[in-house]
Amino acid sequence: MENPFDDNYFMKRALQEAEAAYEKGEVPVGAIIVVQHRIIARAHNLTEQLNDVTAHAEMQAITAAANFLGGKYLSECTMYVTLEPCQMCAGALYWSQISKIVYGASDVDRGFLAVNAKLHPKTQVVGGVMDQEAMDLLKSFFIQKRNLN
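Cut-offs applied
Residues numbered from 1 in each chain as written. Predicted model: local features only at pLDDT ≥ 70, side-chain atom pairs only at ≥ 80, totals over all residues. Heavy atoms only, no water. UniProt positions renumbered as here; feature names shortened; annotations may be inferred. 1 Å grid on protein atoms, 1.4 Å probe; cavity = no way out; pocket = protein on both sides within 12 Å on 5 of 7 lines; lining within 4 Å. Points joined across faces, edges and corners; volume = space filled by probe spheres on them. Helix = DSSP H or I, 4+ residues; strand = E, 2+ residues; numbered from the N terminus. Core = buried A, V, L, I, M, F, W, Y, C linked by side-chain atoms within 4.5 Å. Buried < 20%, exposed > 50% of the residue type's maximum accessible area, 1.4 Å probe, protein only. Contact = heavy atoms within 4.5 Å. Axes fitted to C-alpha atoms, helices over the stretch in contact; angles between N-to-C directions. Parallel < 35°, antiparallel > 145°, perpendicular 65-115°, else oblique. Phe/Tyr/Trp six-rings, centres within 6.5 Å; stacked < 30°, edge-to-face > 60°. Pairing = 2+ DSSP bridges.

The name that an unreviewed UniProt entry assigns to the protein is tRNA-specific adenosine deaminase, with the source organism given as Cerina litoralis. The UniProt entry for the protein carries this comment under Catalytic activity (unreviewed entry): "adenosine(34) in tRNA + H2O + H(+) = inosine(34) in tRNA + NH4(+)". Check the Subunit (unreviewed entry) section of the UniProt entry for the protein; it says "Homodimer."

The structure is reproduced here in structure tokens:
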């Protein structure tokens with residue numbers, strides 16, 4: 001029997017967050033954090049709305065999950081994020097001791113892998129989950145931005 005709570009199921013939820021960012025004029029990146037097949041945090045980029053370069057989806061989700069759990073460590077949690085985390089977000093994920101990160105599209109220029117940023121040694125990483133859907137949303141956003149300018 002198929003597991004209804006597989007990586008695609010949760011990445012679809014992260015993509016819904018990315019779509020919410022898109023609708024607000026934010027770079028469409030979404031993230032959710034899951035523990036025991038339960039979503040405990042949902043977030044998307046808010047850098048424009050908050051006028052804050054650190055308001056990435058991952059940072060917002062880490063804060064929400066820590067508040068939900070009542071502690072700063074996310075050692076039993078999985079983050080699903082539509083774009084490979086940047087160096088800043090990788091640093092925050094390192095300190096959160098998150099168990100697993102599942103991302104969609106790779107960021108070959110600014111992603112944590114491109115700059116050799118470190119994650120916690122116990123953190124598992126899975127990339128490329130629904131990467132085409134995530135990349136299509138990003139491309140659409142930037143095409144629209146260019147056409148408006």
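After that view of the structure, there is still more to cover.
Caption draft 1: Summary view of the layout of surface pockets. In this structure, the largest pocket encloses a volume near 680 Å³. Around the largest pocket sit 24 residues that line it, and Val27, Leu83, Asp107, Arg110 and Phe142 are the ones nearest its centre. Secondary structure elements with two or more residues in the lining of the largest pocket: helix 2 (47-50) and helix 5 (131-148). If one sorts the elements of the lining of the largest pocket by residue count, helix 5 sits on top with seven residues.

Caption draft 2: Summary view of the nonpolar core. One finds Met11, Ile33, Met79 and Tyr80 to be the most contacted residues of the largest nonpolar core, which totals 37 residues. Those elements that place two or more of their residues in this core are helix 1 (7-23), strand 1 (30-35), strand 2 (38-44), helix 3 (57-69), strand 3 (78-83), helix 4 (87-96), strand 4 (100-105) and helix 5. When residues in this core are grouped by element, the largest group, five residues, is from strand 1. Once residues lying within four places of it in the same chain are set aside, the contact partners of methionine 79 are Ile32, Ile33, Glu58, Ala61, Ile62, Leu93, Ile98, Lys100, Ile101 and Val102.

Caption draft 3: Here's a closer look at the packing of helix 1 against helix 5. As a packed pair, helix 1 and helix 5 sit with axes 11 Å apart at the nearest point and diverge in direction by 5°. In terms of axis orientation, helix 1 runs roughly parallel to helix 5. In this structure, helix 1 contributes Leu15, Ala18, Glu19 and Tyr22 to the contact, and helix 5 contributes Glu133, Ala134, Leu137, Ser140, Phe141 and Gln144.

Caption draft 4: Spotlight on the packing of aromatic side chains. All chains considered together, the criterion is met by five aromatic pairs. An angle of 70° between the planes, with centres 5.6 Å apart, marks the rings of tyrosine 22 and phenylalanine 141 as edge-to-face. Placement of the pair is tyrosine 22 in helix 1 and phenylalanine 141 in helix 5, with a sequence separation of 119 residues. On the accessibility criterion, tyrosine 22 (18% relative accessible area) is buried. Residue class for phenylalanine 141 comes out buried when judged on its relative accessible area of 4%. Among the aromatic residues, ring-to-ring pairing joins Tyr9, Phe10 and Tyr80 into one connected group.

Caption draft 5: Summary view of the sheet that holds strand 2. Taken in spatial order, the five strands make up an open sheet running 2-1-3-4-5, and their pairing is mixed. Each having just a single partner strand, strand 2 and strand 5 (124-126) make up the two edges of the open sheet. Averaged over all adjacent pairs, the angle separating strand axes in this sheet is 15°, with direction ignored. With three bridges joining them, strand 4 and strand 5 adopt parallel strand pairing. Bridge pairing links lysine 100 to glutamine 124 in strand 5. Against the sheet, helix 3 contacts strand 1, strand 2 and strand 3, and its axis sits at roughly 145° relative to strand 2. Those strands touched by helix 5 are strand 3 and strand 4, and its axis lies near 55° from that of strand 4.

Caption draft 6: Spotlight on the UniProt feature "domain: CMP/dCMP-type deaminase" (unreviewed entry) in the protein. Sites flagged by UniProt as "domain: CMP/dCMP-type deaminase" (unreviewed entry) map to residues 5-116. Within residues 5-116, the helical portion is 39% and the strand portion 22%, while the C-alpha atoms at the span's ends are 31 Å from each other.

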